[in-house]
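Chain by chain, the residues run as shown.
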Amino acid sequence: MATDDLRLRDASAVLDKAADENFPVAPFFLPRAWRDDLMAVYGVVRLIDDIGDGDLDPAAGHAARLGVDPAGARDPLRMLDAVEADLREVFGGGEAGHPLVRSLAAPAGRGTLTLDPFLGLIAANRQDQHVGRYETYDDLVAYCALSANPIGRLVLAITGTETPERVRRSDAVCTALQIVEHIQDVAEDLRRDRIYLPIEDMKRFHVSEPDLAAPTAGASVRALVAFETERARRLLNEGTPLVGSVHGRLKLLLTGFVAGGRAAVRAIVASGYDVLPGPPKPTKPRLLREAGAVLRGEG
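Reference entry: report on the structure contained in this document. (Residues numbered from 1 in each chain as written. Predicted model: local features only at pLDDT ≥ 70, side-chain atom pairs only at ≥ 80, totals over all residues. Heavy atoms only, no water.)

So, on to the overall build of the protein. The number of helices and strands found in the protein is 17 helices and zero strands. Here the C-alpha atoms of the protein give a radius of gyration of 19 Å, agreeing with the 19 Å that 2.2 N^0.38 yields for 299 residues. Across its three principal directions, the C-alpha atoms of the protein cover 55 × 45 × 35 Å. A sequence separation of at least 24 residues applies to 69% of the contacts in the protein between residues at least 6 apart. Put simply, the protein shows about 13,600 Å² of open surface, and 54% of that area lies on carbon and sulfur atoms. (Helix = DSSP H or I, 4+ residues; strand = E, 2+ residues; numbered from the N terminus. Rg over C-alpha atoms; globule rule 2.2 N^0.38 Å. Contact = heavy atoms within 4.5 Å. Areas by Shrake-Rupley, 256 points an atom, 1.4 Å probe, with all protein chains shown as cover.)

Pasting the structure below:
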């Protein structure tokens, strides 16, 4: 297979994951220019996260595209360093080695995007390599400021709608979505030796790490999950006025983000807060109902 074909295959394998996300990445109703920029951002964000989570196929060509020797393909920190160097290249006006990073050349060249949000995402994934527990809720929120909030800021940048108030609301939505995802993925994260439920809250509800490894949740775990879910719901509600501050197709896009979070919260509640057998997922009818409620401004 030709080198260009390999490059296309490896990049496509990352981009194809967009269909599995809790929220729409670049829906058809958006202007083509926005869709192109959003997919370019998604590809790099997914690449960074896959490296940090150890989900990137080391046999694929990603390491070579980033200038990393085969021995370093399994080293997340080396790979993250290489992605950062590639990003600095493209934002400096040069040509990146990885095709997913190279796809940012157009929005970077126009000044639509800046490097800082991507550096935050890389910092979060570096942190994941040596921090697997968070003592307090504030510690977790600080992590989300790196791992989640840059996404909303990138969306506002692409659509040219940044204001301080919108950034604040966006940060609330993004942090809420990240916390909801952590709640859904307690069992999966534990297999990676990561727990995103604050230790102080685990102690408060008398939950131990072995409790989180059980096939199903006991009463204490359910109470803890209910507590964290309510926190995420309140944070999501705090950010929801962002939707009403914009118009047109962007309003539909942001509605999808908020509705996805609300529907995920509903799914967790419907599971009886037992997230240990697997992540509770919302149904499409529930997503549509939540989207309608967000558009109507209902709480």
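Moving on from the coordinates now.
This brings us to the pattern of salt bridges. Taken as a whole and judged by the stated rule, the model has 25 salt bridges. Of the charged contacts in the structure, one is a salt bridge between aspartate 36 and arginine 32, with a shortest N-O distance of 3.0 Å. You can see aspartate 36 and its partner arginine 32 sitting in helix H2 (residues 32-53), four residues apart, about one turn around the helix. A salt bridge links arginine 46 to aspartate 50, with the shortest nitrogen-to-oxygen separation between them at 3.1 Å. Here aspartate 50 and arginine 46 lie together in helix H2, a separation of four residues that amounts to about one turn. Residue classification places aspartate 50 among the buried positions, given a relative accessible area of 2%. Salt bridges linked by common partners bring Asp81, Glu84, Arg88 and Arg126 together as one network. (Salt bridge = Lys/Arg side-chain N within 4 Å of Asp/Glu carboxyl O. Buried < 20%, exposed > 50% of the residue type's maximum accessible area, 1.4 Å probe, protein only.)

What follows covers unusual backbone geometry. A positive phi angle is found at histidine 206, which is not glycine, with a value near 60 degrees. Turning to its location among the elements, histidine 206 is positioned in the loop between helix H12 (199-204) and helix H13 (209-212). Classification of histidine 206 by relative accessible area gives exposed; the value is 67%. One non-glycine residue, tyrosine 273, adopts positive backbone phi at about 65 degrees. In this fold, tyrosine 273 is placed in the loop between helix H16 (248-270) and helix H17 (284-295). A relative accessible area of 23% places tyrosine 273 in the partly exposed class.

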